[in-house]
Amino acid sequence: MDAEELTSLAASTADKDPLAGLGSVARLRAETERIEAVLVRHARDNGATWPQIAAALGVSKQAVHKKHSGRGLSGRRS
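This one's a predicted model, so the numbers in the text were calculated from it and none came from an experiment. Here the residue numbers are simple positions, counted from 1 along each chain's written sequence. Under the rules for a predicted model, residues below a pLDDT of 70 receive no local features and side-chain atom pairs below 80 are neither given nor counted, while totals for whole chains, interfaces and linings still include all residues. Each side-chain value is worked out from all heavy atoms of the structure, with water and hydrogens disregarded.

This part takes up the pattern of salt bridges. Side-chain pairs of opposite charge can arise whenever the charged atoms involved come near each other. The term salt bridge refers to a pairing of a side-chain nitrogen on Lys or Arg with a carboxyl oxygen on Asp or Glu at a separation within 4 Å. The final tally for this structure, using the stated rule, is three salt bridges. Salt-bridge contacts for K67 lead to E33; the nearest nitrogen and oxygen are separated by 2.8 Å. Of the two residues, K67 sits in helix α4 (residues 61-68) while E33 sits in helix α2 (residues 18-45), which places them 34 residues apart along the sequence. Under the relative-accessibility criterion, K67 is labelled partly exposed at 45%. E36 is the salt-bridge partner of K67, the closest N and O atoms lying 3.1 Å from each other. Here E36 lies in helix α2 and K67 lies in helix α4, a separation of 31 residues in the sequence. Where helices and strands are cited, they refer to DSSP runs of H or I of at least four residues and of E of at least two residues respectively, numbered from the N terminus. Throughout this description, buried means an accessible area under 20% of the type-specific maximum (1.4 Å probe, protein chains only), exposed means over 50%, and partly exposed covers the range between.

If you want it as structure tokens, here you go:
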């Protein structure tokens, strides 16, 4: 999903129909989770530490490690 699609989806959260807005929120949440996973994987591949990534996300090192320490695209353990 590109920036224009994300912007459109974010705008649709203000739909007069709250159920439509909630559907947009769910899609945004899924897309931001996907983007976060990709960026964390790239950061790790570029040598970033778990504490650095946690600070960038505003969470604890334990939280980010638990969420993202599984296998990445490369198939290796982080």
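Here the narrative resumes, following the displayed structure.
Moving on, we come to the environment of H68. Position of H68 among the secondary structure elements: in helix α4. Among residues more than four places away in sequence, those in contact with H68 are E36, A37, V40 and W50. At 2.7 Å, the side chain of H68 forms a polar contact with the side chain of E36. It only takes one pair of heavy atoms within 4.5 Å for two residues to be counted as in contact. Counted as a polar contact is a pair of N or O atoms within 3.5 Å, where, for protein atoms, one must be capable of donating a hydrogen and the other of accepting one, and residues adjacent in sequence contribute only when both atoms are in side chains.

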